Amino acid sequence: MDAKSTTYLAGEIRKTALSMVYEAKSSHIGGAFSMADILAVLYEDVLHVDPSEPKMVDRDRLLLSKGHACSALYAVLGLKGFFPMESLASYGQDGSSFLTHISHYIPGVEISAGSLGHGLPIACGLALAAKRKARPWTTFCLMSDGELDEGSNWESFLLAPQLGLDNLVVIIDYNKIQSLGFVKDVIDLEPLIQKFEAFKWEVFTIDGHEIQEIYTTLSSAKAARNGVPKVVIAHTVKGKGVDFMENKLLWHYKSPNATEYQQALGQLD
Ligand SMILES: Cc1ncc(C[n+]2csc(CCOP(=O)(O)OP(=O)(O)O)c2C)c(N)n1
Ligand SMILES: [Mg+2]
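Turning to the layout of surface pockets, a few remarks are in order. Approximately 270 Å³ is the volume attributed to the largest pocket. For the largest pocket, the lining is made up of 20 residues, of which His68, Leu116, Gln178, Ser179 and His252 are closest to its centre. Of the residues in the lining of the largest pocket, the class split is three nonpolar, eleven polar and six charged. By volume, the second largest pocket is sized at about 150 Å³. The wall of the second largest pocket is formed by Thr7, Ala10, Gly11, Arg14, Asp37, His209, Ile211, Lys240, Gly241, Glu246 and Leu268. A total of four residues in the lining of the second largest pocket trace back to one element, the largest contributor, which is helix H1 (residues 3-24). The residue makeup of the lining of the second largest pocket, split by class, is three nonpolar, four polar and four charged.

As structure tokens, this is what we get:
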């Protein structure tokens, strides 16, 4: 693992996602930035995927359940060569497959998502399929904190340990902000570690912006086939990387204007 090149990739993800959101006048840059470092580590060093063969049978599956933050996933897939970077220029335009909620029509994207609470149930199915077929892939599901308000997730959190899905790794982008308020004020999730432990998951807690820590945790969670599913609670900052976006509810929905775009780009450079 080369922390320098992964950090560089995370910066490129942020800049690319910012340009896409600016050009399309779309939303959700805050939640794209909070998971950029996690995506960089996944695609640089953790996921077994091949850009020239996106449907390779034994690829690891990454399901982006917080599909509204798709700009960052499209960005890393483009940067990694799943499709030409130029195609990202059509993001959010009429007729484009690069929808502003994640679309499985894009090479490297496993599922379409955007209606929160759907990724984890599907991830359980994919992990169960791997078990039944004795295939080696790991299924990762990247979720948001506000998304945990959806009841469908808790059915899956109950089910996965029962099925012994030790080939399933859930990552929670715990940026403490949802669309219209702070998580603790809308539906407080705490104590979150204890909830998952009570549901019989193996729980890891990390700083979701510390490249080395993300790498060490995700790779050991992936490797441990010990009978239990893993959940990684990643403490993150919504809008991470641009000072006037960090920890600001506004940047869940707001699209940057020309001045904000230039300022943000300057900081990311
Ligand atoms: C089922 C459902 N209800 C409502 C929405 C509208 N919505 C879009 S994003 C969001 C929450 C954003 O907060 P969070 O889930 O924490 O995502 P992040 O902070 O990572 O952007 C909501 C309620 C949705 N996408 N799906
Ligand atoms: Mg959030």
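Next comes the rest of the write-up.
With distances of 2.0 to 2.2 Å, the protein atoms coordinating the magnesium ion (ligand 2) are Asp145 (OD), Asn175 (OD1) and Ile177 (O). Going along the chain, you hit the donors of the magnesium ion (ligand 2) in the pattern D-x29-N-x1-I. Residue Asp145 is located in the loop between strand S2 (139-144) and helix H6 (151-162), and its partner Asn175 is located in the loop between strand S3 (168-174) and helix H7 (183-186); the two are separated by 30 residues in the primary sequence. You can call Asp145 buried: its relative accessible area is 1%. Given a relative accessible area of 3%, Asn175 falls into the buried group.

A few words on the nonpolar core. Judged by nonpolar contacts, the single largest core of 84 residues is most densely connected at Leu39, Leu42 and Phe196. In contact with Leu39, not counting residues within four places along its chain, are Ile13, Leu62, Ala72, Leu73, Val76 and Leu142.

Further remarks concern the site of ligand 1. In the vicinity of ligand 1 lie 17 residues, with His68, Gly114, Ser144, Asp145 and Lys238 positioned nearest. Leu116 places a main-chain nitrogen or oxygen 3.1 Å from a nitrogen atom of ligand 1. Backbone polar atom of Ile177 to an oxygen atom of ligand 1: 2.9 Å apart, as the coordinates give it. Across the complex, the protein chains shield 78% of the 580 Å² of accessible surface that ligand 1 would expose by itself.

Let us now look at empty space enclosed by the protein. Throughout the structure, instances matching the rule amount to one cavity of 30 Å³ or more. By volume, the largest cavity amounts to about 70 Å³. Looking at the largest cavity, the residues that line it are Tyr43, Leu47, Val49, Asp50, Pro54, Arg59, Asp60, Leu62, Phe82, Gly108 and Glu110. Across the lining of the largest cavity, the residue classes tally to six nonpolar, one polar and four charged.

Reading the values: rules and limits
Residues numbered from 1 in each chain as written. Chains lettered and ligands numbered in written order. Predicted model: local features only at pLDDT ≥ 70, side-chain atom pairs only at ≥ 80, totals over all residues. Heavy atoms only, no water. 1 Å grid on protein atoms, 1.4 Å probe; cavity = no way out; pocket = protein on both sides within 12 Å on 5 of 7 lines; lining within 4 Å. Points joined across faces, edges and corners; volume = space filled by probe spheres on them. Nonpolar A, V, L, I, M, F, W, Y, C, P; charged D, E, K, R; others polar. Helix = DSSP H or I, 4+ residues; strand = E, 2+ residues; numbered from the N terminus. Donors = N, O, S within 2.8 Å, 3.2 Å for Na, K, Ca; no water. Buried < 20%, exposed > 50% of the residue type's maximum accessible area, 1.4 Å probe, protein only. Core = buried A, V, L, I, M, F, W, Y, C linked by side-chain atoms within 4.5 Å. Contact = heavy atoms within 4.5 Å. Near = heavy atom within 4 Å. Polar contact = N/O pair within 3.5 Å; in protein donor to acceptor, adjacent residues only side chain to side chain. Areas by Shrake-Rupley, 256 points an atom, 1.4 Å probe, with all protein chains shown as cover.

Function cannot be inferred from these measures alone, as they are strictly geometric.
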